[in-house]
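# Overview (structure and organization)
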Amino acid sequence: MNPEGPAMSPECRLDVSTYISEREFSTRFGTEFFTITVGMAHEATEDLLCGAVQRRHAVFPLVYRSAETSRTFVKRFSDFEKLFRACEKSFRDESDAHGLVAPQLPPKTELSDAVSCTLIRRLDEDFLEERSSLLAAMMHALLVQSNAEKADGGPAAITRAAENFLR
């Protein structure tokens, strides 16, 4: 058993391929290049207490594409937050070494309602569109730093975290 979790399917191995932004990507570049796109978020529901309660939340579709494969993943904001936290130190190190801009995680949106003591989630279309855009910018910056990390022959912490994210 792999101590870092289940083996990544070969078609999404980020350690042997180079990220290119969606705007620049073409399948004619070959299998050594890939892109990841964060799509527009949409609302989903989660059943709690055996279906007695439903909780609404946003999900974000991600599409991984290379010359030979295309895979779609659905992630929640908390998944992006875990990825960001796993890479935080490496972001600083790579940003300093290469003059890159460190990715920024959009702020959490849950607002406390003091009257009812509940959390309010923002799921309006304008907010979700903005959040999708901010998460796409974060992923782009993260993957650019992953490219720099690989070019340096460094410890590849960002790349490993990104591969775990795509499981």
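Residues numbered from 1 in each chain as written. Predicted model: local features only at pLDDT ≥ 70, side-chain atom pairs only at ≥ 80, totals over all residues. Heavy atoms only, no water.

## Side note on the nonpolar core
- If you look at the biggest cluster of nonpolar residues, it comprises 32 residues, and the most contacted ones within it are Met139 and Leu143.
- Going through the elements one at a time, β2 (33-38), β4 (53-66), α1 (77-98), α2 (125-152) and α3 (157-165) are the ones with two or more residues in this core.
- If one sorts the elements of this core by residue count, α2 sits on top with seven residues.
- Non-local contacts of leucine 143, meaning those with residues more than four positions away in its chain, are made with Leu14, Tyr19, Phe34, Ile36 and Ala162. (Core = buried A, V, L, I, M, F, W, Y, C linked by side-chain atoms within 4.5 Å. Buried < 20%, exposed > 50% of the residue type's maximum accessible area, 1.4 Å probe, protein only. Helix = DSSP H or I, 4+ residues; strand = E, 2+ residues; numbered from the N terminus. Contact = heavy atoms within 4.5 Å.)

## Observations regarding the pairing of strand β5 (residues 70-75)
- Looking at chain direction, β4 and β5 are connected through six bridges and run antiparallel. For leucine 62, the partnering residue across the bridge sits in β5 and is phenylalanine 73.
- In sequence, β4 turns back onto β5 through a hairpin of three residues. (Pairing = 2+ DSSP bridges.)

## Digging into the pattern of salt bridges
- Tallied over the entire structure, the rule returns four salt bridges.
- For glutamate 46, the salt bridge goes to arginine 76, with nearest N and O atoms at 3.4 Å. Of this pair, glutamate 46 sits in strand β3 (residues 42-48) while arginine 76 sits in the loop between β5 and α1; the two residues are 30 residues apart in sequence, bridging distant segments of the chain.
- Glutamate 46 sits in the partly exposed class, given a relative accessible area of 23%.
- Using a relative accessible area of 23% as the deciding quantity, one classes arginine 76 as partly exposed.
- In this structure, the salt-bridge partner of glutamate 88 is arginine 85, at a minimum N-O distance of 3.2 Å. In this pair, glutamate 88 and arginine 85 both sit in helix α1, three residues apart, roughly one turn of the helix.
- With a relative accessible area of 45%, arginine 85 lands in the partly exposed category. (Salt bridge = Lys/Arg side-chain N within 4 Å of Asp/Glu carboxyl O.)

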